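These are the residues of each chain, in order.
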Amino acid sequence: MNKPLLILLTLSVILGCSKDAMDNSSKSENCDILQNIEDINVLLNECKENLILSPAEIEENLNGQWTLAGIIPVWSTLESTPDCLILTIDNQSLTLKNLSTNEEITSTWNLKTYDVNDDLIFLLEPDNQELRWSVGMQYFSKNIMYGAGYAFDTDTYIFER
């Protein structure tokens, strides 16, 4: 093989790998997770003020990509998380990808509705129970959703478009 061609091929492989590594690190750095309870409360209040209360509208609005905006721990004070989670939802499935670790979990999902004292209660329920706590959303607005997998003793995850 021609020596200059071999050098050129080697350089392009090295530069290509470096570019991929930079792309992954920049994706992880772009995850803006809220670090204080005041900012999280603003987001929760915005969601509550603009709740979608129709199952059909919720299902239609779920499609797309959502980014983890914050986690409210149930048993401790608010701490920053190194995880950058991206939730992608379509009509049949959802995928939760951790950009910090490149882990990815996919599952089908259903929007469950419950009638409690004449109020409709919602739950985005993945079939993969490993995802229940992190994507078990209960409250939905156009650009914000949050939930704790319909449990009172687990962390609340907040996703934003």
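All values reported here derive from a predicted model rather than from experimental measurement.

A few points about a nonpolar patch on the surface
Part 1: Side chains of Leu 51, Leu 53 and Tyr 139 sit close together on the surface and give an oily, nonpolar patch of about 280 Å² of accessible area.
Part 2: Secondary-structure assignment places Tyr 139 in strand 6 (residues 139-140).
Part 3: On the accessibility criterion, Tyr 139 (37% relative accessible area) is partly exposed.

Topic: the side chain of Ser 134
Part 1: Residue position: Ser 134 is located in helix 4 (residues 132-135).
Part 2: Take Ser 134: its relative accessible area is 10%, and that puts it in the buried class.
Part 3: Once you skip the residues sitting within four places of it in the chain, Ser 134 turns out to touch Leu 96, Tyr 157 and Phe 159.

Observations concerning the nonpolar core
Part 1: In terms of nonpolar packing, the biggest core is built from 27 residues, with Leu 87, Ile 89, Phe 140, Met 145 and Phe 159 touching the most fellow members.
Part 2: Here this core takes four residues from strand 2 (residues 85-89), the largest share from any one element.
Part 3: What Ile 89 contacts, discounting residues up to four positions off in sequence, is Leu 62, Asn 63, Gly 64, Trp 66, Leu 94, Trp 109, Leu 124 and Met 145.
Part 4: The next biggest cluster of nonpolar side chains, apart from the first, holds eight residues, and it includes Leu 43, Ile 144, Tyr 146 and Ile 158.

Looking at the pattern of salt bridges
Close approach of charged atoms allows side chains of opposite charge to pair.
Part 1: Summed over the entire model, instances satisfying the criterion amount to two salt bridges.
Part 2: Here Lys 112 ties to Glu 125 by a salt bridge, and the two come within 3.6 Å at their closest N and O atoms. Highlighted residues: Lys 112 in strand 4 (residues 103-116) and Glu 125 in strand 5 (residues 119-126), separated in sequence by 13 residues.
Part 3: Note on Lys 112: relative accessible area 32%, which makes it partly exposed.
Part 4: For Glu 125, a relative accessible area of 18% gives the class buried.

Focus: the environment of Tyr 114
Part 1: By the element assignment, Tyr 114 lies in strand 4.
Part 2: Tyr 114 sits in the partly exposed class, given a relative accessible area of 34%.
Part 3: Ignoring any residue separated from it by four or fewer positions in sequence, one finds Tyr 114 in contact with Asp 119, Leu 120, Ile 121 and Leu 123.

What to know about the confidence of the model for the chain
Part 1: Averaged over all residues, the pLDDT of the chain equals 81, while 76% of them reach at least 70.
Part 2: With pLDDT under 50 throughout, residues 4-29 is counted as low confidence; its partners more than four residues away or in other chains account for seven contacts.

Description of helix 2 (residues 37-49)
Each full turn of the α-helix corresponds to 3.6 residues, which orients residues three or four apart in the same direction.
Part 1: The end-to-end C-alpha separation of helix 2 is 18 Å, in line with the 18 Å expected for 13 residues at 1.5 Å each.
Part 2: Among the residues of helix 2, Ile 40, Leu 43, Leu 44 and Cys 47 are the ones counted as buried. Projection of helix 2 onto a plane perpendicular to its axis shows the buried side chains occupying an angular sector of 95°, all on one side. With respect to the buried face of helix 2, the exposed residues turned more than 90 degrees away are Glu 38, Val 42 and Glu 49.
Part 3: Looking at the buried residues of helix 2, the elements they touch are strand 1 (64-72), strand 6, strand 7 (144-147) and strand 8 (156-160).
Part 4: The distance from a side-chain oxygen at the start of helix 2 to the backbone nitrogen of Glu 38 is 3.2 Å, and the residue carrying that oxygen is Asn 36.

Notes on the packing of aromatic side chains
Part 1: Scanning the entire structure with this criterion turns up one aromatic pair.
Part 2: Residues Tyr 139 and Tyr 146 carry aromatic rings whose centres are separated by 4.8 Å and whose planes lie at 25° to one another, so their mutual orientation is stacked.
Part 3: Tyr 146 sits in the buried class, given a relative accessible area of 7%.

Conventions we followed
Residues numbered from 1 in each chain as written. Predicted model: local features only at pLDDT ≥ 70, side-chain atom pairs only at ≥ 80, totals over all residues. Heavy atoms only, no water. Patch = residues over 30% accessible without salt bridge, like charges linked within 9 Å, V, L, I, M, F, W, Y side chains within 5 Å. Areas by Shrake-Rupley, 256 points an atom, 1.4 Å probe, with all protein chains shown as cover. Salt bridge = Lys/Arg side-chain N within 4 Å of Asp/Glu carboxyl O. Helix = DSSP H or I, 4+ residues; strand = E, 2+ residues; numbered from the N terminus. Buried < 20%, exposed > 50% of the residue type's maximum accessible area, 1.4 Å probe, protein only. Contact = heavy atoms within 4.5 Å. Core = buried A, V, L, I, M, F, W, Y, C linked by side-chain atoms within 4.5 Å. pLDDT = per-residue confidence, 0-100. Expected span 1.5 Å × (residues − 1). Arc of directions from axis to C-beta. Polar contact = N/O pair within 3.5 Å; in protein donor to acceptor, adjacent residues only side chain to side chain. Phe/Tyr/Trp six-rings, centres within 6.5 Å; stacked < 30°, edge-to-face > 60°.

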